[in-house]
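Next come the chains, spelled out residue by residue.
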Amino acid sequence: MEEAQRIRQLPAYLFARIEKKIEKAKEEGVDVISLGIGDPDRPTPDHIIEKLCEQAHNPENHRYPSSVGMLSYRKAVAEYYGNRFNVELDPRTEVVSLLGSKEGIAHISFCYLDPGDVALIPDPGYPVYGIGALLAGGNPYIMPLKPENGFLPDLDAIPTDIAKKAKLMFVNYPNNPTGAIADDAFYHKLIAFAKEYDIIVCHDAAYQEIAFEGYRPPSFLEYPGAKDVGIEFGSCSKSYNMTGWRIGWAAGNARVIEALGRIKSNIDSGVFQAVQYAGIAALTGPQDCTKEMSEVYRERRDIVVDGLNSLGWNLEKPKATIYVWAPVPKGYTSISFAEYVFEKTGVVITPGNGYGEYGEGFFRIALTVEKERILEAIERIKQNIGKVEF
Ligand SMILES: *Cc1c(COP(=O)(O)O)cnc(C)c1O
């Protein structure tokens, strides 16, 4: 049985070898500390769980939901944008519910890419952008995110013929995996660029509530003209520790939202309504939980960054996200350093090349284990790896 070309062209799974080593070490009784996975470790706040339990008992919620989401859920997203960003959204036409934002990020390419159409893809980046474009038959064009540019794409470096063929552009701030943030000037430039070349901007804002020391990530939709050129993908996953619940949204340009809803209505049947009620509770309820979680991640971030800096790194503390992105020492590749760290310490870090070729030479640490375990991980690195050079 031959698989379709679209499956065969998917990149090989890069971490297979490391994962085998982790499995084997666990079997041998090694106390593995995984800083590999970007999945919040703390539970979903109680008031959200309680709303789910209550609504799960209501038989009205046991039937097929609408594929674009209940109006009350879309109104809750609009209310959140009004309160948080001072952005006005029409919940009927400018918001669609998603089964987690990953689903919409993958499906948007099916709405806009014909064979040969270009999608502009940040590298390093969340793999779904490029894979969605490939599965839809499009051509991903890589926008390198380089440290010297603050991990922002250099829009002036995109060749004009590529920009003319591009239909979509993916942008993600606060950024996974680099932890970078984007300033106002970048968003103004992005919108002007998208207007000039008629490109739809897909802004992934998964980390818009996880930020430190008073920094408040903006929404792409706050900027003048944003709604003319694009949409924002949002999610309850990271903001409210709800990765397992599968609930997110896309918001912005009404034509794009309608197209995404049309694809979805032909493929899935929307989010379980009880989960949508829980999403409403998350978005319109008390927001203290996002601030408390940010404080938890900040404490963990400080332990990691201060620890690595004491060994020879020279990292700045990221202002947002649940990640620390760091270069590998001299003489290592991303993979060889991750393997070395694992063999010496039992600590799992993610090789940067898993996020694209421009991630080579870096690794990512996810701040998703308790402080005590982070302290233990850093202590093991200090004891068994020690000072490094670049
Ligand atoms: C975690 C994450 C998402 C969110 O995925 P969901 O499907 O909403 O759980 C989206 N984009 C990035 C970059 C992420 O890291």
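Residues numbered from 1 in each chain as written. Predicted model: local features only at pLDDT ≥ 70, side-chain atom pairs only at ≥ 80, totals over all residues. Heavy atoms only, no water.

Colleague: Can you walk me through empty space enclosed by the protein in this structure?
Modeller: Summary: where empty space remains is shown by rolling a probe the size of a single water molecule over the atoms. For the structure shown, the criterion picks out two cavities of 30 Å³ or more. Approximately 40 Å³ is the volume attributed to the largest cavity. Lining the largest cavity are Leu308, Trp313, Phe337, Val341, Ile349, Phe363, Ile365, Ile381 and Ile385. Broken down by secondary-structure element, the contributors of at least two residues to the lining of the largest cavity are helix 14 (334–345) and strand 12 (362–366). Among the residues making up the lining of the largest cavity, the classes are represented as nine nonpolar, no polar and no charged. (1 Å grid on protein atoms, 1.4 Å probe; cavity = no way out; pocket = protein on both sides within 12 Å on 5 of 7 lines; lining within 4 Å. Points joined across faces, edges and corners; volume = space filled by probe spheres on them. Helix = DSSP H or I, 4+ residues; strand = E, 2+ residues; numbered from the N terminus. Nonpolar A, V, L, I, M, F, W, Y, C, P; charged D, E, K, R; others polar.)

Colleague: Sorry if this is basic, but what is going on with the domain arrangement of the protein chain here?
Modeller: Frequently, the measure chosen for interface size is the accessible area that the parts lose on association. As far as domains go, the protein chain holds domain 1 (5–43 + 288–384) and domain 2 (47–284). Distance from the C-alpha centre of domain 1 to the C-alpha centre of domain 2: 25 Å. For the pair domain 1 and domain 2, the two sides together bury roughly 2800 Å², of which 66% comes from carbon and sulfur. It is Lys319, Thr321 and Tyr358 that lose the most area in domain 1 upon contact with domain 2, and together they represent 21% of the buried surface on that side. The interface formed by domain 1 and domain 2 holds one salt bridge in total. The shortest N-O distance in the salt bridge between Glu213 and Arg301 comes to 2.8 Å. Our count for the domain 1 to domain 2 interface comes out at 14 residue pairs in polar contact (both at pLDDT 80 or more). (Domains from an automatic or database assignment. Buried area = accessible area lost by both parts, 1.4 Å probe. Salt bridge = Lys/Arg side-chain N within 4 Å of Asp/Glu carboxyl O. Polar contact = N/O pair within 3.5 Å; in protein donor to acceptor, adjacent residues only side chain to side chain.)

Colleague: Would you explain the environment of Gly214 in this entry?
Modeller: Looking at where Gly214 falls in the secondary structure, it is placed in the loop between strand 6 (200–204) and helix 9 (226–229). Between the C-alpha atom of Gly214 and that of Lys291, which follows or precedes it by 77 residues, the distance is 9.7 Å.

Colleague: Any chance you could explain the sheet that holds strand 7 (residues 230–235) here in plain terms?
Modeller: Pairing between sheet strands relies on hydrogen bonds along the backbone, with the strands arranged either parallel or antiparallel. An order of 2-8-7-6-5-3-4 is seen for the seven strands of this open sheet, with the pairing classed as mixed. Only two strands of the sheet have a single neighbouring strand rather than two, namely strand 2 (95–98) and strand 4 (139–144). Direction aside, the axes of adjacent strands within the sheet are offset by 25° on average. Helix 8 (residues 184–197) contacts strand 3 (118–123), strand 5 (166–172) and strand 6 of the sheet and is inclined by roughly 170° relative to strand 5. (Pairing = 2+ DSSP bridges. Axes fitted to C-alpha atoms, helices over the stretch in contact; angles between N-to-C directions. Contact = heavy atoms within 4.5 Å.)

Colleague: What's the story with the site of the ligand in this structure? I'm lost.
Modeller: The environment of the ligand is formed by 14 residues, the closest being Asp204, Ser235, Ser237, Lys238 and Arg246. Lys102 has a polar backbone atom sitting 2.9 Å from an oxygen atom of the ligand. A distance of 3.3 Å separates an oxygen atom of the ligand from a polar atom in the side chain of Lys238. Calculation on the ligand without its partners gives an accessible area of 390 Å², and the protein chains cover 94% of this total. Listed by contribution, the elements that provide at least two residues to the shell around the ligand are helix 5 (101–112) and helix 10 (236–239). By residue class, the composition of the shell around the ligand is four nonpolar, six polar and four charged. (Near = heavy atom within 4 Å. Areas by Shrake-Rupley, 256 points an atom, 1.4 Å probe, with all protein chains shown as cover.)

Colleague: What is the right way to look at the side chain of Ser294 in this model?
Modeller: Inspection of the secondary structure assignment puts Ser294 in helix 13 (residues 288–309). By relative accessible area, Ser294 is classed as buried at 6%. Only 2.9 Å separates the side chain of Ser294 from the backbone oxygen of Thr290, close enough to count as a polar contact. Here Ser294 is in contact with Glu209, Ile210, Ala211 and Phe212, once residues within four sequence places are set aside. (Buried < 20%, exposed > 50% of the residue type's maximum accessible area, 1.4 Å probe, protein only.)

Colleague: What am I meant to see in the pattern of salt bridges here?
Modeller: Opposite charge on two side chains lets them pair, provided their charged atoms get close. This structure, assessed with the given rule, holds 28 salt bridges. Here Arg300 makes a salt bridge to Asp41, at a shortest N to O gap of 2.9 Å. Taken together, the residues Arg300 in helix 13 and Asp41 in the loop between strand 1 (33–34) and helix 3 (46–56) connect sequence positions 259 residues apart. Accessibility expressed as a relative area gives 1% for Arg300, which makes it buried. Assessed through its relative accessible area of 31%, Asp41 is described here as partly exposed.

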